[in-house]
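Summary of the model geometry
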Amino acid sequence: MMPVEASAFAGRVDHLFFLLIGISVVIIVLVVTLVFGFAVRYRSGSKAKRGPLPRWVKREVEIGWTAVTLFVALFLFWWASSAQVEEWTPPPNALEIHVVAKQWMWKTQHPDGVREINALHVPEGVPVKLVMTSQDVIHSFFVPALRVKQDVLPGRYTQLWFNADRVGKYHLFCAEYCGTDHSRMTGSVVVMTQGDYARWLAAQPQGDDLAAQGAKLFVSMGCSGCHSEGARVHAPSLAGIYGTLQPLSDGSFVRADEGYLRDSIMLPRRQVVAGYAPIMPSFEGIASEDQVVAVIAYLKAMPKGRNEAR
Ligand code: CUA
């Protein structure tokens, strides 16, 4: 009845699911029994006592069942939210894979540049973090066997992580209605032993890794014309920028994560770094999401430069 459990999250999600079903069944049985019991007991013409309730029923029973329901609800909330918070926080050493959704396919890209369509091969027992975005409308990345689901949004990065612990091939679905062929926007997640994964990766057509693709784009799209040592234009150097706090012209600070770097490329006027004129052109409609992903990988890999901006 249940899909196989192929990740550590799966057991927890299923326990929660069965607990919710169990509690619902207990409540339904209790309420239905009381409804029928009272309907029979107090039917028209019965001799059952109908006076006011005794005082202790009014006070203690009322307080008791309200408190019990409150604590059951709070316990469920704590359990579900702690599981959810864990699913939001990928471990720092996770293998990072990029996912770009479009009508109607999934494109995935491994750190060394290997690309897949409607498929994702991952090693068993290794935390995998997916950084996802969409080229058009909202999609949702859903792998029932791993018990993970996350919306994939245009113009934004969303994240998802899992640690698959069972070798096999599992369904990948799009779980957000996204147009005519939404129902065909499926694929598979293949969990392999670490040795098999390494062999599989080595057997794929080898292109440049993501950072190397990004380095080429950084030059070919003209980024290096301004963001490099000796450039005549006053633009910040980007070496070692990933993960740092950036002061903005409005006095606030922002962490330079993937989302910030993407916005800086596609919507540069939104957050202008303090001390610089808003002269960065927007690459919206010029650079594809795949290209932006590669440029960000390059920026992340860039060592701290000698001439830090400032
Ligand atoms: Cu993509 Cu539904």
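Reference entry: report on the structure contained in this document. (Residues numbered from 1 in each chain as written. Predicted model: local features only at pLDDT ≥ 70, side-chain atom pairs only at ≥ 80, totals over all residues. Heavy atoms only, no water.)

**Considerations on the overall build of the protein chain**
- Along its length, the protein chain carries seven helices and twelve strands.
- Summarising its shape, the C-alpha atoms of the protein chain cover approximately 100 × 50 × 35 Å along the three principal directions.
- In the protein chain, which comprises 310 residues, the share counted as buried stands at 38%.
- A sequence separation of at least 24 residues applies to 66% of the contacts in the protein chain between residues at least 6 apart.
- Within the structure as shown, the protein chain displays about 17,900 Å² of accessible surface, and the carbon and sulfur contribution to it stands at 63%.
- Between the averaged position of the 30 positive side-chain charges in the protein chain and that of its 27 negative side-chain charges there is a distance of 11 Å. (Helix = DSSP H or I, 4+ residues; strand = E, 2+ residues; numbered from the N terminus. Buried < 20%, exposed > 50% of the residue type's maximum accessible area, 1.4 Å probe, protein only. Contact = heavy atoms within 4.5 Å. Areas by Shrake-Rupley, 256 points an atom, 1.4 Å probe, with all protein chains shown as cover. Lys, Arg positive; Asp, Glu negative; His and termini not counted. Charge placed at Lys NZ, Arg CZ, Asp CG, Glu CD.)

**As for the layout of surface pockets**
- Of the voids in this model, the largest pocket is the one considered here, and its volume is about 630 Å³.
- Per-element tally for the lining of the largest pocket: the top contributor is helix α1 (residues 8-41), with eight residues.
- In terms of residue class, the lining of the largest pocket is built from 17 nonpolar, two polar and three charged.
- Taken as a whole, the second largest pocket spans an internal volume of roughly 540 Å³.
- The class makeup of the residues in the lining of the second largest pocket is 23 nonpolar, six polar and one charged. (1 Å grid on protein atoms, 1.4 Å probe; cavity = no way out; pocket = protein on both sides within 12 Å on 5 of 7 lines; lining within 4 Å. Points joined across faces, edges and corners; volume = space filled by probe spheres on them. Nonpolar A, V, L, I, M, F, W, Y, C, P; charged D, E, K, R; others polar.)

**A short note on the packing of helix α4 (residues 210-220) against helix α7 (residues 289-301)**
- Contact geometry of α4 with α7 gives a least axis separation of 7 Å together with a crossing angle of 100°. The angle between α4 and α7 places the two elements in the roughly perpendicular class. For the pair α4 and α7, the contacting residues are Leu-210, Ala-211, Gln-213, Gly-214, Ala-215, Leu-217 and Phe-218 in the first and Gln-291, Val-293, Ala-294, Val-295, Ala-297, Tyr-298, Leu-299 and Ala-301 in the second.
- Across the contact of α4 with α7, the residue classes break down as twelve nonpolar, three polar and no charged. (Axes fitted to C-alpha atoms, helices over the stretch in contact; angles between N-to-C directions. Parallel < 35°, antiparallel > 145°, perpendicular 65-115°, else oblique.)

**Let's talk about the packing of aromatic side chains**
- Within this structure, the stated rule accounts for nine aromatic pairs.
- When the ring of Phe-38 is compared with that of Tyr-42, the centres are 5.9 Å apart and the planes differ by 40°; the resulting orientation is tilted.
- For Phe-38, a relative accessible area of 46% translates into the label partly exposed.
- For Tyr-42, a relative accessible area of 31% translates into the label partly exposed.
- Note on Phe-218 and Tyr-298: the rings are 5.2 Å apart at their centroids and 55° apart in plane angle, and the pair reads as tilted. Of the two residues, Phe-218 sits in helix α4 while Tyr-298 sits in helix α7, which places them 80 residues apart along the sequence.
- Taking the relative accessible area as the measure of exposure, Phe-218 reaches 4% and is therefore buried.
- Linked through ring pairs, Phe-75, Trp-78 and Trp-79 together constitute an aromatic cluster.
- Positioned above the aromatic ring of Phe-142 is the side chain of Lys-149, whose terminal nitrogen or guanidinium carbon lies 4.6 Å from the ring centre. (Phe/Tyr/Trp six-rings, centres within 6.5 Å; stacked < 30°, edge-to-face > 60°. Lys NZ or Arg CZ within 6 Å of the ring centre and 35° of its normal.)

**Re the pairing of strand β6 (residues 139-143)**
- Summarising burial for β6: four of the five residues are buried, a large majority.
- Relative to strand β7 (residues 148-152), β6 is paired through five bridges, and the arrangement is antiparallel. Residue pairing across strands places Phe-141 opposite Gln-150, the latter belonging to β7.
- Counted along the chain from β6 to the antiparallel partner β7, the turn is four residues long, and its residue Arg-147 has a positive phi close to 55°.
- Inspection of the sheet shows β6 paired to strand β9 (residues 168-174) by two bridges, in the antiparallel sense. Paired with Phe-141 across the strands is Cys-174, a residue of β9. (Pairing = 2+ DSSP bridges.)

**Quick word on the pattern of salt bridges**
- Under the definition given, this model contains seven salt bridges.
- Note that Lys-129 and Glu-96 form a salt bridge whose closest N and O atoms lie 3.5 Å from each other. A residue pair is termed long-range when its members are at least 10 positions apart, and Lys-129 in strand β5 (residues 127-134) and Glu-96 in strand β1 (residues 95-102) qualify at 33 residues.
- On the basis of relative accessibility, which here comes to 11%, the residue Lys-129 falls in the buried class. (Salt bridge = Lys/Arg side-chain N within 4 Å of Asp/Glu carboxyl O.)

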